[in-house]
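# Architecture at a glance
One letter stands for each residue in the lines below.
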Amino acid sequence: MGFPEKVTLCEVVTRDGFQTAPKIYSVEEKVKIIEAVVDAGVKCVEVGAFSTYETMYKMKDTDKVFQQLHKKQGVEYRALVYLPDDVKRAADCGCRKIKLNVSASTKHNLDGAGRSPLESMRSFAKSGDIARDHRMGFAGSISLPFASQWEGEIPLDFIIEIVKAFEDAGAAQVSLSDSAGLGNPELVYRRVMELREAFPKMDWMLHMHNTRGMGLANMVAAMGAGIDKIDTSLAGLGGCPYIKGATGNISTEDALFMLNGMGVETGIDFHKIMDAGKYVTDLVENRGTDSYQQRLRALAESVS
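Residues numbered from 1 in each chain as written. Predicted model: local features only at pLDDT ≥ 70, side-chain atom pairs only at ≥ 80, totals over all residues. Heavy atoms only, no water.

### Focus on the state of the cysteines
Taken as a whole and assessed by the stated rule, the structure comprises 1 disulfide. Between Cys-10 and Cys-44 runs a disulfide, and the two sulfur atoms are separated by 2.5 Å. Where Cys-10 bonds to Cys-44 through sulfur, the torsion about that S-S bond is close to -60°, and the disulfide is left-handed. One end of the pair, Cys-10, is in strand E1 (residues 8-11); the other, Cys-44, is in strand E2 (residues 44-50), and 34 residues separate them in sequence. Grouping residues by exposure puts Cys-10 and Cys-44 together as buried. Distance from the sulfur of Cys-93, which forms no disulfide, to the nearest cysteine sulfur (Cys-95) is 6.0 Å. (Disulfide = S-S within 2.5 Å. Helix = DSSP H or I, 4+ residues; strand = E, 2+ residues; numbered from the N terminus. Buried < 20%, exposed > 50% of the residue type's maximum accessible area, 1.4 Å probe, protein only.)

Written out as structure tokens, the structure reads:
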């Protein structure tokens, strides 16, 4: 199995990590963390989300985070959105890249968005128009593109229908987001290969949760299928407010340790990322974190 020579890790802790964290953290804390990971060499950050959904209330200050950031040339600062009005809010505060989300699970999308996936898809074109008018980058995001606890394995034909709707709306990228952590390496590899064959010009991203301990294995499977853009979260913090028991994303520290060992280039300083992850771990008082590298560091410090 071959792997990409270079992988781009996108840090999502101030969005996915903090949307289910035990407290609401300040704009200043979020800016500090984002600027720390950018200083470490991270070239992509998911700053926050623009949403009126009740469960996303911890993201209500995302516009202020964008306004206070000292943005660095060559770094992508993006935000998660759901509706056309969210895209307008993102544009108004200087966000230059949106990731428009829909779930492939009817139950999941109804719980989160109050509508079916097909109803959500009807607004893609309007969101795409707003993004184009404001010269914003536009990516699509599909939650549960592999399997869900309600429907089981999601039919490939439906995922293709969603990707086609994103493509028609102007999306140049699509993120595959295993919010429930139900993917496995065989399914992830097979589905990525099928989608790459169906949409050879689409740029693919991966967003895995580690709820069932499969995050890194699925990441390797996706890399073997050609994906070279992967979301991770400092200290493994994160979760989904619409999926009971869903835990965080792949730990940035663990992913970076693995990629370094595989000889895959990232351009990221491991020691600086470890320091940033330790800061996040302390900030959330170690609640909801899941990073082997941070646990090993804590153990080493306790016996030194």
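### Let's talk about unusual backbone geometry
Glycine aside, residues mostly have negative phi, and peptide bonds are mostly found in the trans state. Phi angles above zero are rare outside glycine, and Glu-285 is one such case at about 55°. Tracing the backbone through its elements, the reader meets Glu-285 in the loop between helix H12 (270-283) and helix H13 (292-303). A positive phi angle, close to 65°, is found at Asn-286, a residue other than glycine. Among the structural elements, Asn-286 can be located in the loop between H12 and H13.

### A look at the packing of helix H11 (residues 252-262) against H12
Packing of H11 against H12 brings their axes to within 9 Å, and their N-to-C directions diverge by 165°. Classified by the angle between their axes, H11 and H12 sit roughly antiparallel to one another. Relative to H12, the crossing made by H11 is left-handed. On H12, the residues that touch Thr-252, Glu-253, Leu-256, Phe-257 and Asn-260 of H11 are Phe-270, Ile-273, Met-274 and Gly-277. When its residues are assigned to classes, the contact of H11 with H12 shows 5 nonpolar, 3 polar and 1 charged. (Axes fitted to C-alpha atoms, helices over the stretch in contact; angles between N-to-C directions. Parallel < 35°, antiparallel > 145°, perpendicular 65-115°, else oblique. Left-handed = near helix turned anticlockwise from the far one by under 90°. Contact = heavy atoms within 4.5 Å. Nonpolar A, V, L, I, M, F, W, Y, C, P; charged D, E, K, R; others polar.)

### Focus: the nonpolar core
The nonpolar side chains of soluble globular proteins are, as a tendency, buried together. Judged by nonpolar contacts, the single largest core of 95 residues is most densely connected at Phe-166 and Met-219. Among the elements that take part in this core, helix H8 (residues 156-169) stands out by supplying 8 residues, more than any other. Every residue in contact with Met-219, bar those within four places of it in the chain, is listed here: Leu-9, Leu-206, Ile-230, Ile-250, Ala-255, Met-258 and Leu-259. (Core = buried A, V, L, I, M, F, W, Y, C linked by side-chain atoms within 4.5 Å.)

### Here's the deal with the packing of aromatic side chains
This structure, assessed with the given rule, holds 5 aromatic pairs. A ring pair is formed by Phe-124 and Phe-166, whose centres lie 4.2 Å apart and whose planes are at 10°; its orientation type is stacked. Residue Phe-124 is found in helix H7 (residues 124-133), and its partner Phe-166 is found in helix H8; the two are separated by 42 residues along the sequence. No difference in accessibility class separates Phe-124 from Phe-166, as the two residues are buried. Plain terms: the ring middles of Phe-199 and Trp-204 are 6.4 Å apart, the flat faces sit at 65° to each other, and that makes the pair edge-to-face. Phe-199 sits in the buried class, given a relative accessible area of 5%. Judged by its relative accessible area of 5%, Trp-204 falls in the buried class. Lying over the aromatic face of Tyr-292, Arg-295 brings its terminal NZ or CZ to 4.6 Å of the ring centre. (Phe/Tyr/Trp six-rings, centres within 6.5 Å; stacked < 30°, edge-to-face > 60°. Lys NZ or Arg CZ within 6 Å of the ring centre and 35° of its normal.)

### Description of the packing of H7 against H8
Relative to each other, H7 and H8 sit at 35°, their axes nearing to 8 Å. The way H7 lies across H8 gives a crossing that is right-handed. Where H7 abuts H8, its residues Phe-124, Ala-125 and Gly-128 lie against Ile-162, Ala-165, Phe-166 and Ala-169. In the contact of H7 with H8, the residues fall into 6 nonpolar, 1 polar and no charged.

### A short note on the environment of Trp-150
Note on placement: Trp-150 falls in the loop between strand E6 (147-148) and strand E7 (152-153). When the C-alpha positions of Trp-150 and Lys-107 are compared, they lie 7.1 Å apart, and in sequence the two are 43 residues distant.

### Considerations on the pattern of salt bridges
One pass over the structure, following the stated rule, counts 25 salt bridges. Between Lys-272 and Asp-39 there is a salt bridge, with its nearest N and O atoms 3.2 Å apart. Note that Lys-272 is positioned in helix H12 and Asp-39 in helix H2 (residues 27-39), a separation of 233 residues in sequence. With its nearest N and O atoms 3.8 Å apart, the salt bridge here joins Glu-153 to Arg-191. You can see Glu-153 sitting in strand E7 and its partner Arg-191 sitting in helix H9 (residues 185-198), a full 38 residues away along the chain. With a relative accessible area of 2%, Arg-191 lands in the buried category. Residues joined by salt bridges that share partners form a network here, namely Arg-15, Asp-16, Glu-46, Glu-76, Arg-78, Lys-97, Lys-99 and Asp-231. (Salt bridge = Lys/Arg side-chain N within 4 Å of Asp/Glu carboxyl O.)

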